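Architecture and fold: a report
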Amino acid sequence: MSLYTDYLNEIETRKEQGLNPKPIDDGALTSEIVAQIKDAGNEHREASLNFFIYNTLPGTTSAAGVKAKFLKEIILGDAVVAEITPEFAFELLSHMKGGPSVEVLLDLALGDDAAIAAQAAEVLKTQVFLYEADTDRLAAAHSAGNAVATDILESYVQAEFFTKLPDIDEEVKVVTYVAAEGDVSTDLLSPGNQAHSRSDRELHGKCLISEAAQAEIQDLQKQHPGKRVMLVAEKGTMGVGSSRMSGVNNVALWTGQQASPYVPFVNIAPVVGGTNGISPIFLTTVGVTGGIGIDLKNWVKKLDADGNPIMGNNDDPLLEQTYSINTGTVLTINTKEKKLYNEDGDKELVDVSSAFSPQKIEFIKAGGSYAIVFGKKLQNFAAATLGVKAPVVFAPSKEVSHADQGLTAVEKIFNKNAVGVSEGTVLHAGSDARVKVNIVGSQDTTGLMTSQELEAMAATVISPTVDGAYQSGCHTASVWDLKAQANIPKLMSFMNKFGLITARDPKGVYHSMTDVIHKVLNDITVDDWAVIIGGDSHTRMSKGVAFGADSGTVALALATGEATMPIPESVKVTFKGKLQDHMDFRDVVHATQAQMLKKFGDNVFQGRVIEVHIGTLIADQAFTFTDWSAEMKAKASICISEDDTLIESLEIAKSRIQIMIDKGMENEAQTLKGLIDIANKRIAEIKSGDKPALSPDANAEYFAEFTVDLDEIVEPMIADPDVNNVEVSKRYTHDTIRPVSFYQGEKNVDLGFVGSCMVHKGDLKIVAQMLRNLESKGEKIEFNAPLVVAAPTYNIIDELKEEGDWAILQKYSGFEFDDDAPKTSARVEYENILYLERPGCNLCMGNQEKAARGDTVLATSTRLFKGRVVEDTAEKNGESLLASTPVVVLSAILGRTPTMEEYKAAVDGIELTTFAPPLQKPLDPRSVHY
């Protein structure tokens, strides 16, 4: 009884934390529980029954296997449990979502007992998570003349698993809770520093916003029985930043509905809203859970008599409120009319059609998008098996096609990878598309959730259509603490068995790789026509088109090799002029945002693909732009490269994949070798002229076109969180881009950080060269603020060692990481020295290392959210300002932002990341789409 005793002890520990017993996923523990249920006189029998019925996780967990087997014994009469009748056993099986439960149901449905077979068939007709092993059994039984199998298949053809579900409510009464004024980041809903607990849903739920907010939500629920609490972002966008399923899970845990009475702490169907709508990735995640996302539009620009926006003191448009969504406001969502009304339903407030497209209504009805994805596949399988045409049950995919209109780059990629589209159909933006996914990435602080999602959807092996998939270890690279030691090996083992290339070898054969996931995905993306899905908002490759996604969408891509989404609109970005020698490409990135906002007033990038004509910038460096597009609130970014540049990038990628092979990271499926083969094929196509580098058609249509003027970039640019802006909604938005001269060389800097996915090898060489320059002038090198440097990958460090740059960094460092003795606790105090940290996310992630509270941090990273890199004190707001590597290094040396004269002197003679507009060449409107 040792496992059960341990479980009881854990329960007592959790009681002290105000937590319920942890849901059971372990088969050995479940076996002990079953033995105690069978023992009529056992003192733990009643508790064991409750654990078995209400606290055992479904899907493909080992616990689910034991549970399904025992329920089968009860149904067959091989075991008798008064509290679990055969009918109740069937009900429990119906809530287990595939894997062992479907195997048991098929055993019973295809068995010799006609009465039991009929009952099992009725349950199977409600199930959608069937895989090849399951469908093959049904097909074989049908071919052998089994009437029950044929009956099940006929039900699947009619999609009765969907059609017999109740329709969604015509009216949904909600009461508002304002989560924050301004953009609501997923860090507020699921803080990065609590990443270790994400797979423990009840525990992680305690980090939603604050204890006070949780109490206020509960009070609203008591005051408004029968109404659903809608979490809202006042004067902002809901769910910006990271792609966190855990954020939606937390919102659903506090405000949603229980998915099953037999599965604890898995809630679905949250209702969320934002003045400026919902962030694209977050909205996808809401759909995964069958929730509702509302674009409230309750603040609009104030216009003068001529219809022009009235500007405020900071040259920002003044806003006026059209209706209130203050906490406690009761509203009525009419899902039939697709409108938002006041409490009484007699005053229309805003049209919410975008929240109730036919596809989204299906997600709501089915309790999430997974059931629809698997249901469609099941219906198609059944129809093919029976040799009949499937009736139209699901909303037809929206197909938008414009005659004589060319294709943007993203439209070309979607058309090339489209699944289930009639031959010859050309899809344009706005079309719903099911596409093959080529590359999938899972990162370590969401990976445990992805593994849970895979178990829940009964998946056991990666789809054979996926070219390559990688499980990272970068988000937990900084500190190998007890939490990481408990979670990461378990995650790596699961993903390795599932078929991913993993950063850590569960067998301990190869050295752990904490390389930043985006850098690895950028390397293993070896086709500019690829579709990439990754469990992080910065999945933004500079080859192909990449979409950051929640852990569930990542799981779906791994299990099915597909993703479904509308084809996004595109904004075309080109360049003109000449970039001055003292400017870095990071300044081009910041200037793009600033010049775009100046031209359009609004962020035209939001929710769209930025098609950036990058030209001769290789993939490593171009990634700086695509990475930043997450902060621009773009859905994705595509780099349009010249042929020779793309070939050079692919050759670099091949060499790095070979290094992974040499280090022992290859798997039995020879995934890495396969990627090299794909790269070689692509290079041959480009060289032969058969298929040049991806480019749009000349007659493609864009939502907007925008040219960045390099001549206007005359000094380094800094993205400022503007923490003291009187307009709260303007803080932490990434929209305040300032020249370095704005600070007049007087802004104090408490810590500098060079690292994260935004830097490449060249950035580390810049750090080394700046130190050499100071050394050559005979100046004593002293840091007036700590400088933390974290290379993105081990490859970069190896190359820097060969080229002599690492030695100069070591010479002036006061700390260097040691993989043989990694840090076991996060640093809480910093000295004014150079820290050479382990490759990985480090401060950018904010889940392990942080700057001191209230600090002003100048960093090369991507995040300036409130509390991400640095938290506030009672006296001072923490600030995370973002700039280029030379600005950060110089600021750490000076302890303040530099003047332009100091900056120019510091970078004199250093080759920064040079960039020039690509040579213009005519585009062929008849260029290949596929």
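For clarity, every value in this text was computed on a predicted model and none was experimentally measured.

So, the confidence of the model for the protein chain
For the protein chain, per-residue confidence averages 92 on the pLDDT scale, and 98% of positions sit at 70 or higher. Below a pLDDT of 50 lies the segment residues 921-930, which in the model reaches 24 contacts outside its immediate sequence neighbourhood of four places, other chains included.

Notes on the sheet that holds strand S8 (residues 292-295)
Taken in spatial order, the seven strands of this open sheet run S8-S7-S3-S1-S11-S12-S13, and their pairing is mixed. Since the sheet does not close on itself, it has two edges, and those belong to S8 and strand S13 (348-351), each with one partner. Ignoring which end each strand starts from, the neighbouring axes of this sheet average 30° apart. For strand S7 (residues 271-274) and S8, the ladder comprises four bridges, and the chain directions are parallel. Looking across to S8, one finds that glycine 274 is bridged to aspartate 295.

Some words on the side chain of arginine 738
Checked against the element boundaries, arginine 738 lands in strand S26 (residues 737-739). Judged by its relative accessible area of 18%, arginine 738 falls in the buried class. Side-chain polar atoms of arginine 738 contact the side chain of aspartate 722, separated by 3.3 Å. In contact with arginine 738, other than residues within four places in its own chain, are Pro716, Met717, Ile718, Asp720, Asp722 and Tyr743.

Overview of unusual backbone geometry
A positive phi angle, close to 65°, is found at alanine 458, a residue other than glycine. Of note, the phi angle at tyrosine 732 is positive, near 55°, even though the residue is not glycine.

Some remarks on the pattern of salt bridges
In the structure shown here, the tally under the stated rule is 53 salt bridges. Close ionic contact of arginine 738 with aspartate 722 constitutes a salt bridge, the shortest N to O distance being 3.3 Å. Of this pair, arginine 738 sits in strand S26 while aspartate 722 sits in the loop between strand S25 (717-719) and S26; the two residues are 16 residues apart in sequence, bridging distant segments of the chain. The class of aspartate 722 is buried, set by a relative accessible area of 13%. For arginine 853, the salt bridge is made with glutamate 871, and the minimal N-O distance between the two is 2.9 Å. Of this pair, arginine 853 sits in the loop between strand S30 (834-837) and strand S31 (856-859) while glutamate 871 sits in the loop between S31 and strand S32 (879-882); the two residues are 18 residues apart in sequence, bridging distant segments of the chain. In the salt-bridge network here, residues are joined through shared partners; they are Lys416, Asp527, Asp528, Lys681, Arg682 and Glu685.

Thoughts on helix H30 (residues 885-894)
Across the 10 residues of H30, nine count as buried, placing the element largely inside the fold. Those residues of H30 that sit buried are Thr885, Pro886, Val887, Val888, Val889, Leu890, Ser891, Ala892 and Ile893. On its buried face, H30 sits against S25, strand S27 (751-754), helix H27 (761-776), strand S28 (787-790), S31 and helix H31 (900-907). Positive phi appears at glycine 895, one or two residues downstream of H30, with a value of about 80°.

Comments concerning the packing of helix H19 (residues 447-456) against helix H20 (residues 482-498)
At their nearest, the axes of H19 and H20 sit 10 Å apart, and the two run at 45° to each other. As judged from the angle between their axes, H19 and H20 are oblique. By crossing handedness, the relation of H19 to H20 is classed as left-handed. On H20, the residues touching Gly447, Leu448, Thr450, Ser451, Leu454 and Glu455 of H19 are Asn487, Leu491, Phe494, Met495 and Phe498. Among the residues forming the contact of H19 with H20, the class breakdown is six nonpolar, four polar and one charged.

Focus: helix H25 (residues 643-662)
For H25, spanning 20 residues, the distance from its first C-alpha to its last is 29 Å, which sits close to the expected 28 Å at 1.5 Å a residue. Every buried residue of H25 is listed here: Thr645, Leu646, Ile647, Ser649, Leu650, Ala653, Lys654, Arg656, Ile657 and Met660.

Rules used throughout
- Residues numbered from 1 in each chain as written.
- Predicted model: local features only at pLDDT ≥ 70, side-chain atom pairs only at ≥ 80, totals over all residues.
- Heavy atoms only, no water.
- pLDDT = per-residue confidence, 0-100.
- Contact = heavy atoms within 4.5 Å.
- Pairing = 2+ DSSP bridges.
- Helix = DSSP H or I, 4+ residues; strand = E, 2+ residues; numbered from the N terminus.
- Axes fitted to C-alpha atoms, helices over the stretch in contact; angles between N-to-C directions.
- Buried < 20%, exposed > 50% of the residue type's maximum accessible area, 1.4 Å probe, protein only.
- Polar contact = N/O pair within 3.5 Å; in protein donor to acceptor, adjacent residues only side chain to side chain.
- Salt bridge = Lys/Arg side-chain N within 4 Å of Asp/Glu carboxyl O.
- Parallel < 35°, antiparallel > 145°, perpendicular 65-115°, else oblique.
- Left-handed = near helix turned anticlockwise from the far one by under 90°.
- Nonpolar A, V, L, I, M, F, W, Y, C, P; charged D, E, K, R; others polar.
- Expected span 1.5 Å × (residues − 1).

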